[in-house]
Amino acid sequence: RMHDTLALRGRVVTFRDNPFVTDPVAALHHEEDGLVIIRDGRIERMGAYADTLPHLPAGTQVVHYPDCLISAGFVDTHVHYPQLPMIAAYGEQLLEWLERYTFPTESRFCDPAHAHDIARRFLTELLRCGTTTAAVFCTVHPQSVEAFFTESERLNTLMIAGKVLMDRNAPPDLRDTAQGGYDDSLALMEHWHGRGRQMYAVTPRFAPTSSEEQLELAGALLARDDSVFMQTHLAENVDEVAWVRQLFPARRSYLDVYAHAGLVRPRAILGHAIHVDEPDLATCHDSGCALAHCPTSNLFLGSGSFRLFDAMDPRRPVRVGLGTDIGAGTSLSQLQSLNEAYKIAQGTGHRLHPAQAFWLATAGGARALHLDHRIGTIAPGMEADLCILDPAATPLQALRAQSCDSISDLLFSLMMLGDDRSIRATYVAGRKVHERA
Ligand code: GUN
Ligand code: ZN
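**Q** I'd love a proper account of the overall build of the protein chain, names of residues and values included.
**A** On a plain count of helices and strands, the protein chain comes out with 17 helices and 16 strands. Seen through its principal axes, the protein chain has C-alpha atoms that stretch 65 × 50 × 40 Å. With 437 residues in all, the protein chain has 62% of them scored as buried. Of the charged side chains in the protein chain, 39 are positive and 53 negative, and the gap between their average positions amounts to 4 Å.

**Q** Outline empty space enclosed by the protein, listing residues and values.
**A** Evaluated as defined, the whole model comprises four cavities of 30 Å³ or more. Taken as a whole, the largest cavity spans an internal volume of roughly 110 Å³. The element contributing the most residues to the lining of the largest cavity is helix H3 (residues 94-107), with three residues. If you add up the space inside the second largest cavity, you get close to 60 Å³. Taken together, His293, Phe306, Arg307, Leu308, Phe309, Asp310, Ala341, Ile344, Ala345, Thr348 and His350 make up the full set of residues lining the second largest cavity. At the level of elements, helix H12 (308-311) and helix H13 (334-347) are the ones that each hand at least two residues to the lining of the second largest cavity. The residue inventory of the lining of the second largest cavity, partitioned by class, reads six nonpolar, three polar and two charged.

**Q** Describe the coordination of the zinc ion (ligand 2), naming the residues involved and giving the relevant values.
**A** Taken together, His78 (NE2), His80 (NE2), His233 (NE2) and Asp325 (OD) make up the protein donors of the zinc ion (ligand 2), found 2.0 to 2.3 Å from the metal. Classification of the site at the zinc ion (ligand 2) as irregular follows from its four donor atoms and the range of 92 to 167 degrees in their angles at the metal. Mapping the donors of the zinc ion (ligand 2) onto the primary sequence gives the spacing H-x1-H-x152-H-x91-D. Of the two residues, histidine 80 sits in strand E5 (residues 74-80) while histidine 233 sits in strand E10 (residues 229-234), which places them 153 residues apart along the sequence. Side by side, histidine 80 and histidine 233 carry an identical accessibility label, which is buried.

**Q** Account for the packing of helix H16 (residues 395-402) against helix H17 (residues 407-417), with residues named and values stated.
**A** A pair of packed helices can be characterised by two numbers: the angle between their axes and the separation between those axes. Remark: H16 packs on H17, axes separated minimally by 10 Å, with the N-to-C direction vectors making an angle of 160 degrees. Comparing their axes, H17 and H16 come out roughly antiparallel. For the pair H16 and H17, the crossing hand works out as right-handed. For the pair formed by H16 and H17, the contact residues are Gln397, Arg400 and Ala401 on the first element and Asp409, Leu410, Ser413 and Leu417 on the second. A per-class count over the contact of H16 with H17 returns three nonpolar, two polar and two charged.

**Q** Tell me what's going on with the environment of proline 317, and back it up with residues and numbers.
**A** Checked against the element boundaries, proline 317 lands in the loop between H12 and strand E13 (319-322). For the pair formed by proline 317 and leucine 281, sequence separation is 36 residues and the distance between their alpha carbons is 8.5 Å. Apart from the residues lying within four places of it in its own chain, the contact partners of proline 317 are His285, Ala311 and Met312.

**Q** Before we move on, can you summarise the nonpolar core with the specific residues and values?
**A** Counting residues in hydrophobic clusters, the biggest one holds 114 residues, and the most contacted among them are Tyr81, Phe122, Phe148, Tyr258, Leu291, Leu352 and Phe358. Among residues more than four places away in sequence, those in contact with leucine 291 are Leu234, Leu270, Ala273, Leu281, Cys284, Phe306, Val318, Arg319, Val320 and Gly321. Within the second largest apolar cluster, 19 residues are counted, among which are Leu6, Ile38, Met46 and Met382.

**Q** Give me the packing of aromatic side chains: which residues, what numbers.
**A** In the structure shown here, the tally under the stated rule is eleven aromatic pairs. Ring geometry for tyrosine 81 against phenylalanine 148: centres 5.2 Å apart, planes inclined by 25 degrees, an arrangement best described as stacked. One end of the pair, tyrosine 81, is in the loop between E5 and H3; the other, phenylalanine 148, is in helix H5 (residues 142-155), and 67 residues separate them in sequence. Across this residue pair, the class does not change: tyrosine 81 and phenylalanine 148 are buried. When the centroid spacing of 4.9 Å and the interplanar angle of 65 degrees are considered together, the rings of tyrosine 342 and phenylalanine 412 count as edge-to-face. Of this pair, tyrosine 342 sits in helix H13 while phenylalanine 412 sits in helix H17, placing them 70 residues apart in sequence. We classify tyrosine 342 as buried; its relative accessible area is 16%. For phenylalanine 412, a relative accessible area of 21% corresponds to the partly exposed category. Over the aromatic face of tyrosine 49 sits the side chain of arginine 9, whose NZ or CZ is 3.5 Å from the ring centroid. Cation over ring: arginine 195 sits above tryptophan 192, and NZ or CZ is 4.7 Å from the ring centre.

**Q** Hey, could you go over the site of ligand 1 for me, with residue numbers and the actual values?
**A** Contacts to ligand 1 come from His80, Gln83, Leu94, Trp97, Leu98, Arg205, Phe206, His233, Glu236, His272, Asp325 and Ala328. A distance of 3.5 Å separates a nitrogen atom of ligand 1 from a polar atom in the side chain of histidine 233. A distance of 2.7 Å separates a nitrogen atom of ligand 1 from a polar atom in the side chain of glutamate 236. Look at ligand 1: alone it shows 270 Å² of surface, and the protein chains cover 100% of it. Because more than half of its atoms lie within 2 Å of the grid, ligand 1 is assigned to the largest cavity. It is H3 that contributes the most residues to the shell around ligand 1, three residues altogether. A per-class count over the shell around ligand 1 returns five nonpolar, four polar and three charged.

Parameters at a glance
- Residues numbered from 1 in each chain as written.
- Chains lettered and ligands numbered in written order.
- Predicted model: local features only at pLDDT ≥ 70, side-chain atom pairs only at ≥ 80, totals over all residues.
- Heavy atoms only, no water.
- Helix = DSSP H or I, 4+ residues; strand = E, 2+ residues; numbered from the N terminus.
- Buried < 20%, exposed > 50% of the residue type's maximum accessible area, 1.4 Å probe, protein only.
- Lys, Arg positive; Asp, Glu negative; His and termini not counted.
- Charge placed at Lys NZ, Arg CZ, Asp CG, Glu CD.
- 1 Å grid on protein atoms, 1.4 Å probe; cavity = no way out; pocket = protein on both sides within 12 Å on 5 of 7 lines; lining within 4 Å.
- Points joined across faces, edges and corners; volume = space filled by probe spheres on them.
- Nonpolar A, V, L, I, M, F, W, Y, C, P; charged D, E, K, R; others polar.
- Donors = N, O, S within 2.8 Å, 3.2 Å for Na, K, Ca; no water.
- Tetrahedral: all angles 85-135°; square planar, octahedral: opposite > 155°, others 65-115°.
- Axes fitted to C-alpha atoms, helices over the stretch in contact; angles between N-to-C directions.
- Parallel < 35°, antiparallel > 145°, perpendicular 65-115°, else oblique.
- Left-handed = near helix turned anticlockwise from the far one by under 90°.
- Contact = heavy atoms within 4.5 Å.
- Core = buried A, V, L, I, M, F, W, Y, C linked by side-chain atoms within 4.5 Å.
- Phe/Tyr/Trp six-rings, centres within 6.5 Å; stacked < 30°, edge-to-face > 60°.
- Lys NZ or Arg CZ within 6 Å of the ring centre and 35° of its normal.
- Near = heavy atom within 4 Å.
- Polar contact = N/O pair within 3.5 Å; in protein donor to acceptor, adjacent residues only side chain to side chain.
- Areas by Shrake-Rupley, 256 points an atom, 1.4 Å probe, with all protein chains shown as cover.
- Sits in = over half its atoms within 2 Å of the grid points.

This is how it looks when you write it as structure tokens:
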């Protein structure tokens, strides 16, 4: 509905700066008793309640969340919706895990009814976790993409998704061909990219499952339109990296396989990027592509430790977002991703400040995707995708919150102890799409 106004009152937390570049506490903007005025799906005004109240149009409904934080919705930069039913599959590392669990699960998405059912459940779960935008892998079946965008459009969520391209080293029923994959992707892209809030991503699964010809054609699709996304996996697992070296002996590195095909550019999202070197990170910086840090997945599959603070080096910063990577990840909650990201940083000799952590999950993720002019912060003109965080969602968290004497400490307790229970409500383009029971 147009010309709708709504206002949310509570403790507002958002960002004015990049906390990896400036002092993290200074980068965080905190409004103790704030008011966010929303009109036609966008934020019209945000400030201290007392200062902002006079600007509230007469008759506007004010929803008060007295003990909660109002944040931009979370951004998940790498996730597979079809893998939702196989979350927590026991006992394998990446390549065996794909063969044993993933491919059989994805085979079912030839059935549109199944695809719609899982897409609907997936989006419901995302919103329950406060995530309002995600970059989503579908399967090789065009109908899996059709189902996902149809369900997302129904909710008006800003989503990026694409058909998996996979023409070799996969079961026959999950393979396309270089030309068939190109044609199907082009048709989906023409139908869905820029339709409402939906955006298309050219999606080669990873180098081992695409022929050189398929990667070249993926590059040709991208060359048609700068605003289209690209998503794939990069250097997640040591056996995978060795396999890529065998399959593409002429390339300097795994990243170079993608760069050679024209895939490494702004709006390209490379999942994992654990086993990369300094020249690769320099290429990422120069190209404007993004890396998706997937903490719960990397720990679950034993893939290794992403060097977040190397990637964020202010001398040549790389865009980084946070990915849950369901079904290899173990939670759709970005609070749980941050919990594990903190521990991974500890293990690599770094301290992830809560302001840096929440920035990665919101403004940093939006910036990684070149969407920071639309989402990721609470400021006039931004699209009103918001989540309401309850720092006292459980008796233990309520106890811990009592001893928090700063907003940083409160955010830290949320990211270490929080999950879907911490999400009091979620708003998409100014409309409430989830409310905790
Ligand atoms: N590499 C190629 N495909 C996949 C996938 O589905 N999940 C993960 N985690 N890594 C991959
Ligand atoms: Zn993945």
